[in-house]
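Coordinate inspection notes
This is what each chain is made of:
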Amino acid sequence: MARIVIEDVWKRFQLRHDRADSVGNLLMHMVPRRSRRTSEEFWALKGVSVELPGGMSLGIMGDNG
């Protein structure tokens with residue numbers, strides 16, 4: 001019998017591309033533009049399911065530790 005059950009986990013992030021690296025760029029990004037795409041969708045998890053029986057352990061580690 002599973003002691004830990006994780007079912008159908010989804011996680012989405014918005015990756016921003018409009019980070020200003022100077023005051024001038026910051027002011028330019030404040031001006032609205034219709035065609036500028038400022039972010040993209042990134043799916044980190046899609047439909048992940050895990051079952052762990054009693055006595056087992058699970059470690060999850062990513063790029064930033």
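Residues numbered from 1 in each chain as written. Predicted model: local features only at pLDDT ≥ 70, side-chain atom pairs only at ≥ 80, totals over all residues. Heavy atoms only, no water.

With that settled, the discussion passes to the overall build of the protein chain. Helix and strand counts for the protein chain come out as one helix and two strands. Reading the secondary structure of the protein chain in the N-to-C direction produces β-α-β. The burial tally for the protein chain puts 3% of its 65 residues in the buried class. Put simply, the protein chain shows about 6200 Å² of open surface, and 53% of that area lies on carbon and sulfur atoms. (Helix = DSSP H or I, 4+ residues; strand = E, 2+ residues; numbered from the N terminus. Buried < 20%, exposed > 50% of the residue type's maximum accessible area, 1.4 Å probe, protein only. Areas by Shrake-Rupley, 256 points an atom, 1.4 Å probe, with all protein chains shown as cover.)

It is worth spelling out the confidence of the model for the protein chain at this point. Considering every residue of the protein chain, the mean pLDDT works out to 81; 74% of them sit at 70 or more. Taken element by element, the predicted model of the protein chain shows its lowest mean pLDDT in helix 1 (residues 23–30) (70) and its highest in strand 2 (residues 39–53) (92). (pLDDT = per-residue confidence, 0-100.)

Taken together, the side chains of I4, I6, L58 and I60 present a nonpolar region at the surface, about 390 Å² in accessible area. Here I6 is to be found in strand 1 (residues 2–16). What makes I6 partly exposed here is its relative accessible area of 31%. (Patch = residues over 30% accessible without salt bridge, like charges linked within 9 Å, V, L, I, M, F, W, Y side chains within 5 Å. Salt bridge = Lys/Arg side-chain N within 4 Å of Asp/Glu carboxyl O.)

Attention now moves to the packing of aromatic side chains. One pass over the full model with this rule turns up one aromatic pair. Aromatic pair W10 and W43: ring centres 5.5 Å apart, planes at 85°, arrangement edge-to-face. In this pair, W10 sits in strand 1 while W43 sits in strand 2, placing the two residues 33 residues apart along the sequence. For W10, a relative accessible area of 47% puts it in the partly exposed group. The exposure class assigned to W43 is partly exposed, which follows from its relative accessible area of 31%. The side chain of K11 reaches across the aromatic face of F13, ending 4.9 Å from its centre. (Phe/Tyr/Trp six-rings, centres within 6.5 Å; stacked < 30°, edge-to-face > 60°. Lys NZ or Arg CZ within 6 Å of the ring centre and 35° of its normal.)

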